[in-house]
Each structure stands twice: as structure tokens, then as C-alpha cells.
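One-letter residues, chain by chain:
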Amino acid sequence: MRRLTVAEALREAIREEMRRDSTVFCIGEDIGIKGGWGGAFTVSLGLSEEFGHLRILDTPISELGIAGVAVGAALMGMRPIADVEYGDFIFLAMDQLINNAAKLRYMSAGKLKVPMVMRIPVGASGRGAQHAQSVESYFIHVPGLKVVCPSNAYDAKGLLKTAIRDDNPVMFFEHKLLYGAKGRRENVDARAEVPQEEYLIPFGVADIKRRGSHVTIIATLRMVYTVVSAAEKLKDEGISVEIIDPRTLIPLDKDTILKSVRKTNHAVIVHEDNLTGGWGAEMAAFISSEAFDYLDAPLKRVCAPDTPVPFAPVMENYWVPGEADVIRAVREVMGG
Amino acid sequence: MRRLTVAEALREAIREEMRRDSTVFCIGEDIGIKGGWGGAFTVSLGLSEEFGHLRILDTPISELGIAGVAVGAALMGMRPIADVEYGDFIFLAMDQLINNAAKLRYMSAGKLKVPMVMRIPVGASGRGAQHAQSVESYFIHVPGLKVVCPSNAYDAKGLLKTAIRDDNPVMFFEHKLLYGAKGRRENVDARAEVPQEEYLIPFGVADIKRRGSHVTIIATLRMVYTVVSAAEKLKDEGISVEIIDPRTLIPLDKDTILKSVRKTNHAVIVHEDNLTGGWGAEMAAFISSEAFDYLDAPLKRVCAPDTPVPFAPVMENYWVPGEADVIRAVREVMGG
Amino acid sequence: MGIPGDKLIKMYRKMILIRNFEDRVHRLFLSGEMPGTIHLYQGQEAVAVGVCANLRKEDVITSTHRPHGHAIAKGVPVKSIMAELFAKTTGCCKGKGGSMHMGDIEVGMVPAIAIVGGGIPVATGMALAFKMKRLDRVAVSFFGDGASNEGAFHEAINMGSIWDLPLIYVCENNLYGASTHVSKVMKLKDIAERASSYGIPGIVVDGNDVISVYKAAKEAIERARKGEGPTLIECKTYRRGGHSRSDPGQYRDKKEEGIWLAKDPISRMHKNLIKMGILTEEKGKGIENEVKARIDEAIEFAQKSPSPKPEDVFKDVFA
Amino acid sequence: MGIPGDKLIKMYRKMILIRNFEDRVHRLFLSGEMPGTIHLYQGQEAVAVGVCANLRKEDVITSTHRPHGHAIAKGVPVKSIMAELFAKTTGCCKGKGGSMHMGDIEVGMVPAIAIVGGGIPVATGMALAFKMKRLDRVAVSFFGDGASNEGAFHEAINMGSIWDLPLIYVCENNLYGASTHVSKVMKLKDIAERASSYGIPGIVVDGNDVISVYKAAKEAIERARKGEGPTLIECKTYRRGGHSRSDPGQYRDKKEEGIWLAKDPISRMHKNLIKMGILTEEKGKGIENEVKARIDEAIEFAQKSPSPKPEDVFKDVFA
Ligand SMILES: Cc1ncc(C[n+]2csc(CCOP(=O)(O)OP(=O)(O)O)c2C)c(N)n1
Ligand SMILES: Cc1ncc(C[n+]2csc(CCOP(=O)(O)OP(=O)(O)O)c2C)c(N)n1
Ligand SMILES: [Mg+2]
Ligand SMILES: [Mg+2]
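Calculation rules
- Residues numbered from 1 in each chain as written.
- Chains lettered and ligands numbered in written order.
- Predicted model: local features only at pLDDT ≥ 70, side-chain atom pairs only at ≥ 80, totals over all residues.
- Heavy atoms only, no water.
- Least-squares fit on C-alpha atoms with pLDDT ≥ 70 in both.
- Contact = heavy atoms within 4.5 Å.
- Axes fitted to C-alpha atoms, helices over the stretch in contact; angles between N-to-C directions.
- Helix = DSSP H or I, 4+ residues; strand = E, 2+ residues; numbered from the N terminus.
- Parallel < 35°, antiparallel > 145°, perpendicular 65-115°, else oblique.
- Left-handed = near helix turned anticlockwise from the far one by under 90°.
- Nonpolar A, V, L, I, M, F, W, Y, C, P; charged D, E, K, R; others polar.
- Buried < 20%, exposed > 50% of the residue type's maximum accessible area, 1.4 Å probe, protein only.
- Near = heavy atom within 4 Å.
- Polar contact = N/O pair within 3.5 Å; in protein donor to acceptor, adjacent residues only side chain to side chain.
- Domains from an automatic or database assignment.
- Buried area = accessible area lost by both parts, 1.4 Å probe.
- Salt bridge = Lys/Arg side-chain N within 4 Å of Asp/Glu carboxyl O.

Engineer: Residue-level account of the relation of the copies chain B and chain A, with values.
Structural biologist: Relative to chain A, chain B is turned by 180 degrees and slid 0.0 Å along the rotation axis, the superposed coordinates differing by an RMSD of 0.0 Å. Between the two chains, the operation in question is that of a two-fold axis. Taken as a fraction of all interface residues of chain B, those also at the interface in chain A reach 100%, which identifies the copy contact as same-surface.

Written as C-alpha cells, this is what we have:
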């Protein structure tokens with residue numbers, strides 16, 4: 001089978017859905033310019049050649065406007081795929097996403113729907129505090145929004161197709177170091193085999209990346225890779241790790257997570273975002289409540305510290321949770 | 001002693017600090033207009049008469065601008081007290097608060113400071129989905145911001161004075177139904193005795209509203225009152241409730257909370273905000289980890305459901321956590 | 001100028017309907033019979049009516065915290081508006097919206113967006129959808145003078161302009177954003193001048209003259225339908241009452257108030273129509289009575305309608 | 001026009017410094033010796049230099065993702081800029097900022113704000129502080145053509161205008177926001193026209209002519225200091241290279257590129273100065289050599305400087 005990068009897989013998902021449904025279109029900055037980059041991370045490269053500049057719609061630098069225009073277009077039966085170039089810019093669009101996209105259906109008592117996708121690149125990648133944040137956690141707190149975090153090309157394609165067809169606003173988070181853009185040393189290899197045949201991945205179904213019996217680790221996006229390599233090392237110590245990638249945070253596959261924790265009796269949550277108030281807090285709260293009698297030790301969160309993201313690689317590397325942090329946490333949870 | 005409403009107490013805090021320090025000023029919409037209302041909830045009423053219209057600075061309707069201007073003024077040694085009329089509008093200002101206010105000190109490696117206060121009215125009060133949200137939870141996730149939630153006039157005054165003198169950006173949340181504005185039926189009486197003498201309340205010191213031995217309830221803002229009256233009823237059932245109002249969520253008085261939970265072995269967290277990803281999640285995660293061996297039962301969160309805020313009073317009343325919800329949760333936690 | 005007499009009467013009736021509707025609503029509020037808060041549109045009726053008289057059912061509008069007039073003008077049934085104000089299941093938002101989110105997409109009105117300026121990008125996006133789908137539909141965004149200072153205004157109009165969207169931006173300049181006089185928050189005589197920042201036409205009209213509004217909107221909408229892009233229309237107007245429910249409006253200059261209240265759009269239209277021979281005092285009374293009966297009926301309907309169930313809270317979050 | 005010769009030479013030297021500094025930085029980046037990303041200012045030197053030549057140390061500026069030129073022009077020591085690019089503790093942000101957050105408040109430059117448009121309200125707030133404290137200081141906000149489509153631009157300039165703040169808004173129109181040509185995202189010939197939305201002067205200058213920039217800025221700053229409020233100055237310019245590190249700029253029209261590269265601000269100034277008899281080829285070479293030596297020194301300084309400790313992550317979150 002073909003191995004695609006995440007960027008390629010996303011592009012394919014968009015292309016397929018745009019061919020299938022003429023109401024799907026892309027809107028964002030620098031996404032369709034001739035001789036340009038296909039967005040900040042090449043995802044829409046080449047699409048304007050096929051679909052033209054109205055359906056791959058380049059915008060002014062106006063994030064609030066982009067989100068609001070996407071809401072309006074969605075209300076009238078289009079299926080916009082909007083994007084911000086870096087997740088950090090989403091704060092400019094929060095009003096339209098939280099006050100309009102997430103609420104218009106409710107305010108209209110179900111007469112309206114807002115089928116839009118907001119693509120949001122996240123993660124630290126050596127660019128300093130304003131181009132590095134992981135912002136998923138803000139959105140799990142907004143009733144009316146769905147939250148998706150694919151960790152590899154296969155998931156990225158299947159989930160994006162589902163997102164595009166979903167009748168609700170979907171916040172779709174992509175990690176910058178997973179795109180697989182050429183030539184970036186820091187990149188993690190998130191390529192995967194992607195079938196030629198069409199497939200969709202339903203929301204709310206976690207992926208068990210690895211079966212294990214001693215401890216359950218829940219991680220998303222780039223952290224999945226960190227956890228996988230930590231698990232390899234822990235195996236040598238005789239610790240058997242089960243790794244769950246929830247893939248969608250809203251809706252959340254609570255069953256799979258609970259089943260695992262009830263089996264392993266130990267849980268560790270890993271995300272690249274700051275600790276306090278991150279989605280790991282909700283996960284921890286939920287597991288602590290629902291698997292209370294099964295936990296043999298307090299669960300641990302392995303997260304970035306509560307600071308902005310520093311520029312210097314030596315600091316940023318320390319800031320991002322690493323293999324060693326995961327290993328340490330697992331050992332602690334296991335009472336080591 | 002004098003009993004003041006929260007609005008009066010806040011006004012007094014601002015007046016005292018403005019007299020004391022000429023760098024303190026207020027900036028916001030409709031705050032100083034002659035014949036106007038002193039902001040959406042009367043807090044700055046009369047202040048422009050004493051301090052003039054430059055220090056009680058009325059702005060255009062431009063929340064992003066207000067926050068950004070406050071950041072800039074703070075960088076140059078002023079101490080702005082900015083406000084939005086309803087917390088729901090803060091989403092327009094998120095970029096300036098998260099990307100600038102919270103990070104400029106860090107980005108400058110400590111050369112800058114951003115001593116500003118952002119006053120943010122929260123809570124449901126019969127106005128529908130866009131004038132009702134409790135938005136504190138978004139901000140506990142932002143390193144570099146402090147988060148304050150006073151539940152009565154005494155705390156409001158002492159904490160606001162501390163906030164104004166703090167050298168960091170402080171998000172100051174006020175509940176609409178606690179202001180004590182005249183004539184609103186739904187208002188909760190949050191008046192308190194406020195001494196004539198100056199006092200400040202340090203951040204990070206929780207207030208134990210009621211001593212008890214069976215269960216610890218943590219609540220803020222309007223929910224403190226709901227919990228207090230629930231505790232009265234629970235007493236009749238022989239359940240002794242300890243109520244903690246953290247007063248500041250960042251920094252958090254972890255010691256007081258842990259000490260209490262280690263004593264009562266049961267915990268309930270109550271907030272008016274939506275459940276998923278609310279600050280209750282962080283609180284639950286923290287308590288579950290740090291008091292793991294002390295908890296006799298899974299802790300419970302009593303929160304608003306994961307929906308926008310509906311308009312109809314019959315629905316809104318149901319949406320807001322009530323006394324009965326608290327009582328039910330306590331009984332469940334106590335194994336009843 | 002060629003507006004047929006029956007069209008003029010229709011507009012007049014709508015204005016009378018809005019005025020009387022809000023008179024009653026105001027009283028119901030003050031007496032505590034209605035929940036929530038309200039922002040009355042009285043004094044600005046000519047704007048909503050003059051603009052919407054040019055719209056078809058499938059055309060869409062966005063509105064603001066002050067939406068009753070837009071809702072009635074766009075054709076949301078008065079009963080369902082009233083029921084919504086009473087927070088009943090028969091309301092156009094089944095009690096989930098309330099005054100500030102009034103609207104019904106079935107007649108082309110998005111639930112009003114009460115975040116000042118927040119509807120402008122949404123209307124722009126709706127117009128974009130029409131262009132993409134090659135539909136002969138237009139979008140109209142109503143907003144206030146205050147809203148024109150929001151970033152949303154700037155970003156959205158720029159986008160509407162560069163894509164030549166079928167769209168009209170209607171700024172109702174009633175001289176105040178809440179308690180704040182427009183002269184305190186912008187250094188401009190006419191907000192319409194801001195159109196030049198986007199290379200689109202900016203037009204000033206007497207917002208208290210429904211005929212002027214009608215004509216300006218007609219022309220702009222024709223341009224829009226022809227694919228020639230949006231227009232910014234500034235309607236100079238004034239609200240008769242306070243900003244919201246209980247506001248006495250003491251920040252307003254008495255002289256200014258006097259001048260503007262004398263320009264009331266309804267009495268002006270009344271006088272005009274009589275002068276034109278289209279209306280008689282008697283016919284006028286007839287319209288008023290008819291309108292009042294409709295409102296009585298709506299109130300009765302609303303009061304008799306069932307309240308939502310508490311558990312309805314959980315409905316309609318996701319599609 | 002009366003700019004003293006030594007002032008002109010000083011400006012010329014700064015431009016040469018920026019150009020050479022970035023030549024070196026570019027090479028260091030491409031060879032992998034520097035972390036992060038960079039956006040080069042080359043081609044726009046006349047703007048930063050012409051404006052900042054009017055500023056005092058205590059005046060302040062905000063900058064963007066493309067800040068090296070502003071930093072050098074405002075007087076941030078080259079060593080500390082270089083060290084910051086190398087992520088060293090001797091950098092002006094001790095390695096916490098990097099290229100996109102270059103700045104040093106000690107010489108009046110806020111760490112650059114890399115959110116497009118985000119610095120405009122901040123500069124406005126700084127100017128407000130100066131007014132409130134009755135200080136004879138001004139603020140300058142540098143930003144691009146692309147930034148002028150952000151809501152922040154609109155909200156902030158309106159506020160600067162109504163309060164008559166001591167402030168200059170400098171829009172560097174280099175024809176592109178990233179890969180997007182300005183004509184695609186606004187229907188305007190001159191961004192300076194947007195000033196009319198705020199009732200302030202809007203001025204277009206040749207941004208590749210340092211003398212024109214200097215004069216326009218001088219006048220605007222004098223107005224600002226006199227309390228007459230802000231000015232929007234649009235500087236027409238062009239970046240010589242791509243948008244960021246590795247961008248070949250294939251979205252640019254070759255002819256357009258040719259025309260603009262021929263208008264290089266440095267060779268123009270060079271020619272001018274020689275014509276004016278202020279510079280000789282020899283003196284020019286001298287300046288270049290001197291500048292290069294300074295850069296060598298800065299690189300050596302930076303390379304020899306210590307890296308931060310990982311635990312420094314925890315410092316400087318709160319005051
Ligand atoms: C973003 C936002 N900021 C502030 C408010 C509070 N508010 C409600 S109405 C209003 C005044 C609006 O003025 P304008 O746009 O002129 O409309 P008008 O009330 O005059 O119809 C304000 C400030 C709001 N609803 N939304
Ligand atoms: C709010 C925001 N949106 C998008 C970006 C990504 N981005 C970085 S630079 C840039 C182009 C900016 O154009 P302009 O303002 O003209 O400045 P220039 O790069 O030409 O100096 C974009 C879109 C950003 N940094 N911030
Ligand atoms: Mg108004
Ligand atoms: Mg540019």
C-alpha cells in the first residue's frame with residue numbers, strides 16, 4: 001500500500017470530498033496562490049489548479065473574518081474547511097467559533113446547522129511563544145464543537161473526511177511536526193499506509209496503539225510517538241504499556257479508556273499542552289471518577305510545564321514532554 | 001460596620017487605588033459617561049466625576065483594542081483596569097490576553113511586566129446564550145495570567161486591590177447576580193461587612209466558608225451561596241459539610257484544599273460553568289492525585305451541563321446547578 | 001419616484017406593527033410579565049422596513065441585540081416573536097433564544113447575534129455561499145454605529161468587497177452605542193466614509209424616511225444581485241427610548257432628543273401618505289386597529305403556549 | 001531639505017548594517033547553524049531607518065515577525081540580536097524570544113509581536129500611557145500591508161485617533177502578505193486611504209527612499225509630540241527575498257520583481273550621497289568594512305555565549 005505523509009493524506013481527503021460534494025470548499029490565508037505553498041504546511045498544494053480560486057479561496061489576514069465567513073457559508077449549506085496558519089492565531093477567531101459556530105444551532109432550537117471544519121496546526125516547532133501553542137484544550141470546553149486530533153496519516157485522512165461530512169463545527173488539530181513536510185529535521189515520521197479505497201473513521205472511536213497489561217497511557221498527536229518509544233524501553237524493564245490514542249476528544253471514547261484502565265489499574269495521560277487546565281485534567285477527572293475502584297495508584301499527567309513556549313531549542317526540548325518524562329511517570333505510577 | 005454590595009465594594013477598591021496611585025486608570029465601554037451607568041453593572045458609577053474622563057476612559061466598542069491598549073499602557077508603567085461588559089465578549093480579546101499580556105514578560109526574559117486587571121462579568125442571568133457564559137476556565141490554562149473569583153463584597157474589595165497592585169495580568173471574574181444592583185429579583189445577596197480601614201486579601205488563600213467533617217465542597221462565585229444553603233439542609237440529614245471558596249484559581253491554595261479533603265475524605269466541586277474542561281476538571285485531577293489515599297469515594301463535580309445557556313428561565317434555572325443538585329451529589333459521594 | 005401605493009401602505013403598516021408591538025412588549029416587560037431583557041427598536045422602524053421591503057423570502061439578514069424590528073420587517077410571524085419573548089415552545093427559537101436571538105431561518109433571518117459586530121462576518125459568509133452556489137439571493141447585515149468600531153466590521157466588509165459579494169451592509173447610526181455618543185468614539189461625520197477603506201460605495205440616507213431608505217437599499221440590492229458587490233448604507237436615525245429595558249437615557253442631550261423625536265419616521269410617513277392621497281386618517285386608524293388586534297392575538301397565543309421542559313436544555317446542541 | 005550630512009551618513013550606515021547583518025544571518029540559517037525561522041527585512045531598510053532616525057531612545061516601537069531591521073534601527077545592540085538568533089543567554093531576550101520576538105525595552109523596543117496586527121493596539125496603549133503621564137514620548141507601530149486587514153488595525157487606529165495619541169502607524173506595504181499579493185485582498189490603491197476612516201492624516205511615501213521616509217516621519221512625529229494625534233504613513237516598498245527562510249517567492253511576477261529590485265533603497269542612497277558629495281566610494285567601502293567587522297564580532301560573541309539552561313524555562317512567567 002501507499003505510504004502517505006499527513007499533509008498528503010489531508011490533501012487527499014480534501015480533494016476527494018471536494019470532488020464528491022460541490023458544497024465543500026477551502027478558505028484561508030495563502031492556501032491557493034499560484035506559486036505559493038498551499039497553506040502554511042502544504043496541505044492544499046495544487047488544489048486550486050483542480051478546483052479554481054473560488055473553491056480554494058485565499059483570504060486577507062483576517063482570522064475573525066475567516067471564521068465568521070465560514071459560519072455564514074455553512075449556515076447557507078456550504079461545507080467550508082477553514083484554516084489558520086498557526087494555532088496561536090485561533091485566539092483571534094474565538095468569538096465566531098464559540099459565540100456563533102457552537103451556539104447558532106442551539107439558539108435556533110435546531111433549525112440551523114453549522115457544518116464547518118476549522119483546521120488548526122498546533123505544537124512547538126522552534127518558533128517561539130506565539131507560534132507554538134497546543135490549543136485543543138480550550139475547545140473541549142465549548143459545547144457544540146467537536147474536537148479531533150489525528151496522530152498519523154491514516155487517521156488524518158479518515159477523520160478529516162468524517163469531519164467534512166459532519167453537520168457540526170469540527171475543530172481539527174494537526175501537529176506541525178507530523179505533517180511530514182520535506183527537509184525538516186525535527187519532523188516525526190507520521191506517515192502511514194493509506195488505502196486507495198475510500199474509508200472514513202468515525203468520531204468517538206479510540207485507537208489502541210499497543211496492547212499492554214500494566215499501565216494505560218493516553219496520548220494524542222505528537223505525544224503518541226513519544227509514548228510509543230517510551231513503551232519500548234519500559235518493556236525492557238518488564239512494564240507492559242497499553243497505549244490509547246483517543247483520536248477525537250469530543251466525542252470521547254470513554255468505554256475504551258475505562259476498559260483499559262480497569263484492566264491495567266494504572267493510568268498516565270500525556271499531552272504537549274501546559275498542565276493546568278489542559279484536556280488531561282478532564283481525562284484525569286473522568287478516569288478518577290469512573291474507574292475509582294480500579295486505580296491502584298494516583299494517575300499521572302505528563303504535560304508541558306505552565307509556562308509559555310521558550311524559543312531556544314535547549315529550552316523548548318525540555319519544555320516538550322519527552323520519553324524520559326513518560327518513563328519516569330510510569331515508573332512512579334507503578335510504584336517504582 | 002458598613003454592609004456594601006459587591007458593586008459598591010469594587011467601586012471603593014478602584015477609588016482608593018486610583019487615589020493612592022496616579023498610574024491606575026479604568027478603560028472600557030460606557031464606564032464614565034455623564035448620565036450613564038458606570039459600566040454595565042454600575043461599578044464605575046461616579047468615578048469620572050472625581051477622576052475625570054482620561055482616567056475613567058470610555059472606549060469605542062472594540063474589545064480586542066481595549067485589551068491591547070491596556071497591555072501597551074501597562075508596559076509603560078500604567079496600571080489599567082480594563083473591562084468587558086459581559087464575559088462572553090472576552091473571546092474577542094483573547095489574542096491580546098493570551099498572546100501578549102500573558103507572554104510579553106516571558107518573551108522579554110523578565111524585562112517587561114504587564115500590571116493590568118481585566119474585569120469580566122460572568123454567569124447566567126436570563127439573557128440567552130451570548131450573555132451568560134462563565135469563562136474563568138479558559139484562563140486557568142494560560143500561563144502568565146492570574147485568575148480571581150470573589151464571591152462577596154468583602155472579598156471583592158480586598159482582592160481587587162491586590163489585583164491592581166499585582167505586577168501581572170489578573171483576570172478578575174465577577175458574577176452578575178452578585179453585584180447587588182438594585183431591583184433585580186434574581187440577585188443573590190452578596191453584601192458583606194466592609195471595614196473602613198484599608199485591607200488587602202492576598203492571592204492564593206482560600207476562605208473556609210463553613211467548617212465540617214464529612215465532605216469538602218469547593219465552589220466559587222454564585223455557587224458558594226447555593227452550596228451554603230445546601231449545607232444547611234444536609235446538616236439536618238446529619239451530613240457535616242466543609243465549604244471552601246478558593247477565591248483565586250491561579251494561584252490556588254492547594255494546601256487548604258488538600259488538608260480539608262484529607263480530613264473529610266470526600267470531595268464535591270461545584271461551578272456554574274459547563275462540566276467538560278471546566279476548572280472543576282483541574283481541581284478534580286489535582287485532588288484525585290494528591291489526596292488519592294484519602295478519598296473514600298470518587299469525587300463528584302456538580303456543574304452546568306455541556307450545552308449553551310438557554311434563554312427560557314425554566315430551562316436556565318435547570319441549567320444552573322442548584323441546591324438539589326448539590327445535595328444529590330453529596331449524598332452520592334457519602335454513599336447514600 | 002414610482003413606488004406603488006400599495007407597497008407604500010404595506011411599509012407603513014409594517015412600521016405601525018413594529019411600533020405597536022414594541023409598545024406592548026415594553027409594558028409587558030415593565031410589569032414583570034416577560035423575562036429577560038429587551039432593546040427596543042422604536043424610532044428606527046423606517047430602516048428595517050425600508051430595507052426589507054426590497055428583500056425576498058429567500059434573502060437573508062443578520063441582526064443584533066435590537067432585533068424585533070428586523071424580525072417583523074423580514075416576516076418572522078408576530079406570534080412566534082411574541083411567544084419567543086415569553087420563552088415559550090411556540091416561539092421562533094422555542095424559548096432557547098429570547099429577545100436578543102430572535103430570528104427564523106425559514107423566512108431568512110438568522111437568530112440575532114447579540115455580540116456587537118458579530119453578525120457582519122456571518123452575513124458576509126452567507127453572501128459568499130450564494131455566490132458559490134450561483135443563487136440569486138442577497139444577504140443584508142444590520143448593525144449599529146457602535147458596531148462599526150469592531151474589528152469584525154473591518155475584516156468582514158473587506159472580504160465582502162474583494163469577492164464582490166451580493167450583500168448590503170446597513171449601519172443604523174442612531175448616534176449612540178449604549179450610553180456613548182458616536183462623536184466620542186470616532187472622528188468622522190459619516191460612517192459611510194468608511195466604505196472607502198474597502199473600495200465600495202458608501203451612502204448616507206435619512207434613516208427616518210422610509211422612502212429614502214427603500215430607494216437606497218433597492219439600488220444597492222440591484223447592484224449586489226448583478227454581482228457588482230456590496231454597498232455600505234448608513235441610515236441616520238435615533239432611538240426613541242433608552243438603550244435597554246429600564247434605561248432612562250439621561251446621557252442624551254435634551255435638545256438633541258427633541259430634534260430627533262420630532263423627526264419620527266412613522267408620523268412623517270403618515271403625513272406623507274396623506275399628502276400623497278394614498279392614506280386617509282380613517283384608513284390609518286383601520287390599519288392601527290388591525291395591527292393592534294394582531295398583537296392582542298399574539299399575546300394571547302404566547303401566554304397560552306406551553307413553556308419548554310427543563311430537559312429541553314439538552315436538545316439541539318449537535319445536529 | 002536640510003538633513004545634515006552626518007545624519008544622512010548615519011542612516012546610510014544603519015541601512016548597510018541591516019543589509020549585511022541579514023546577509024550573514026541568512027547564510028547561517030541556510031547552513032543550519034541557527035535554529036528557528038527567519039523573515040528577512042532586506043529591501044525595506046529605508047523604512048525602519050528613516051522612521052527611527054527621528055526617534056529618541058525613550059520613544060518606543062512595536063514590530064512584527066520581520067523585526068531585525070526595526071531592532072537594529074532602534075538601537076538594539078547587534079551583538080544581542082545575533083545572540084538571540086543563536087538562542088543564547090546573552091541575547092536581548094536571553095534565548096526566550098528568538099527572531100520573531102526580537103526587542104529590548106531598554107532601547108525602546110517591545111519584543112516583536114509575531115501575531116500579524118497584534119502590535120498595533122499595544123503601541124496605541126503605550127502612546128496612551130505617554131499622554132496620561134504627560135511625557136514627551138511617542139510610540140511607533142510598524143506593520144505590513146497584510147496587517148492592515150486585521151481587526152486590530154481598525155480598532156487600534158480608531159482609538160489612537162479619538163484620543164489624539166502621540167503615535168505613528170507605519171504601514172510597510174511590500175505588496176505581499178506572505179504569498180498573497182495586496183491586490184487580491186483589498187480593493188484599494190493606497191492603504192493610506194484607510195486613514196480617512198479614522199479622521200487622521202494618511203500619507204503615502206516612497207519607502208525605498210530613506211530621505212522621503214525620514215521627512216514624512218519627522219513631520220508626523222512632530223504632530224504627535226504636539227498632541228495633534230497620530231498619522232498613518234504608508235511606505236511603498238518591496239522585500240528583496242522570500243517571505244521566510246526558504247521561500248523562493250515563486251508567486252511573484254518576475255517583471256514586478258525586476259522593477260522593484262532596481263529600486264533598491266541602499267544603492268539609491270549610495271548614489272544620492274555620492275551625488276551630494278557626502279560620500280565617496282572609498283568612504284562607502286570603509287563603512288561597509290566597519291559594519292562587517294561589527295557583524296563578525298557579533299557572530300563570534302554569539303557563538304561563544306552560553307546557552308540557557310533547560311530549567312530557565314521556569315523563569316520569568318510571573319513578576
Ligand atoms: C462585542 C460586544 N461588546 C459590547 C456589547 C454590549 N452592548 C450591547 S449593545 C451595545 C451598544 C451597541 O451600539 P450600536 O452598535 O450603535 O447599536 P445600538 O444599540 O445603537 O442599536 C453594547 C456596547 C455587546 N453586546 N457586544
Ligand atoms: C494573526 C496572524 N495571521 C497569520 C500569520 C502568518 N503570517 C506571518 S507573516 C504573514 C504575512 C504578513 O504580511 P504583512 O503584514 O504584509 O507583513 P510582511 O510579511 O509583508 O512584512 C502571515 C500571514 C500571523 N503571523 N499572524
Ligand atoms: Mg447605535
Ligand atoms: Mg507585506
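Let's pick the thread back up.
Engineer: I'd like a description of the packing of helix α1 (residues 5–30) of chain C against helix α11 (residues 281–304) of chain C, backed by residues and values.
Structural biologist: Residue and element names in this part refer to chain C. Between α1 and α11, the least distance of the axes is 9 Å, while the angle of their chain directions is 45 degrees. Considering their axes alone, α1 and α11 lie oblique with respect to each other. Along this stretch, α1 crosses α11, giving a crossing that reads as right-handed. Across from Ile9, Tyr12, Arg13, Ile16, Leu17, Asn20, Phe21, Arg24 and Leu28 in α1, the residues of α11 making contact are Lys283, Ile287, Glu288, Glu290, Val291, Lys292, Arg294, Ile295, Asp296 and Ile299. Here the contact of α1 with α11 is built from residues that sort into ten nonpolar, one polar and eight charged.

Engineer: If you had to explain the packing of helix α1 (residues 5–30) of chain D against helix α2 (residues 45–52) of chain D to someone new, which residues and values would you point to?
Structural biologist: Residues and elements named next belong to chain D. For the pair α1 and α2, the least separation of the axes is 9 Å and the interaxial angle reads 140 degrees. Here α1 lies oblique to α2, going by the angle between them. As α1 runs across α2, the sense of the crossing is right-handed. Facing Met11, Lys14, Met15, Ile18 and Arg19 of α1, the residues of α2 in contact are Glu45, Ala46, Val49 and Gly50. Residues of the contact of α1 with α2, tallied by class, amount to five nonpolar, one polar and three charged.

Engineer: I'd like a description of unusual backbone geometry, backed by residues and values.
Structural biologist: Ile250(A) connects to Pro251(A) through a cis peptide bond whose omega is -5 degrees. The phi torsion at Asn265(B) lies on the positive side, around 65 degrees, for a residue other than glycine. Along the chain, Asn265(B) falls in the loop between α9 (254–264) and β13 (267–274). Judged by relative accessible area, Asn265(B) falls into the buried class, the value being 19%. Phi at Asp164(D) takes a positive value of approximately 50 degrees, unusual for a residue other than glycine.

Engineer: Report on the site of ligand 1, specifying residues and quantitative values.
Structural biologist: Around ligand 1 lies a shell of 22 residues, among which Glu63(B), His65(C), Arg66(C), Gly146(C) and Asn174(C) are the nearest. Separating an oxygen atom of ligand 1 from a side-chain N or O atom of His65(C) is a distance of 2.7 Å. Asp145(C) has a polar side-chain atom sitting 2.8 Å from an oxygen atom of ligand 1. Residues of the shell around ligand 1, tallied by class, amount to nine nonpolar, seven polar and six charged.

Engineer: So what's going on with the domain arrangement of chain A? Which residues, and what values?
Structural biologist: Residue and element names in this part refer to chain A. Domains assigned within chain A are domain 1 (2–194) and domain 2 (207–333). On a C-alpha basis, the centres of domain 1 and domain 2 stand 26 Å from each other. With 31 residues of domain 1 at the interface, the matching set in domain 2 holds 25 residues. Taking both sides of the interface into account, the surface hidden between domain 1 and domain 2 amounts to around 2200 Å²; carbon and sulfur atoms contribute 60%. Our enumeration of links across domain 1 and domain 2 arrives at one salt bridge. Summed over the shared surface of domain 1 and domain 2, the result is twelve residue pairs in polar contact (both at pLDDT 80 or more). Elements with a minimum of two residues in the side of domain 1 that touches domain 2: α6 (136–140), β6 (146–148), α7 (153–165) and β7 (170–175). Among the residues forming the side of domain 1 that touches domain 2, the class breakdown is 16 nonpolar, nine polar and six charged.

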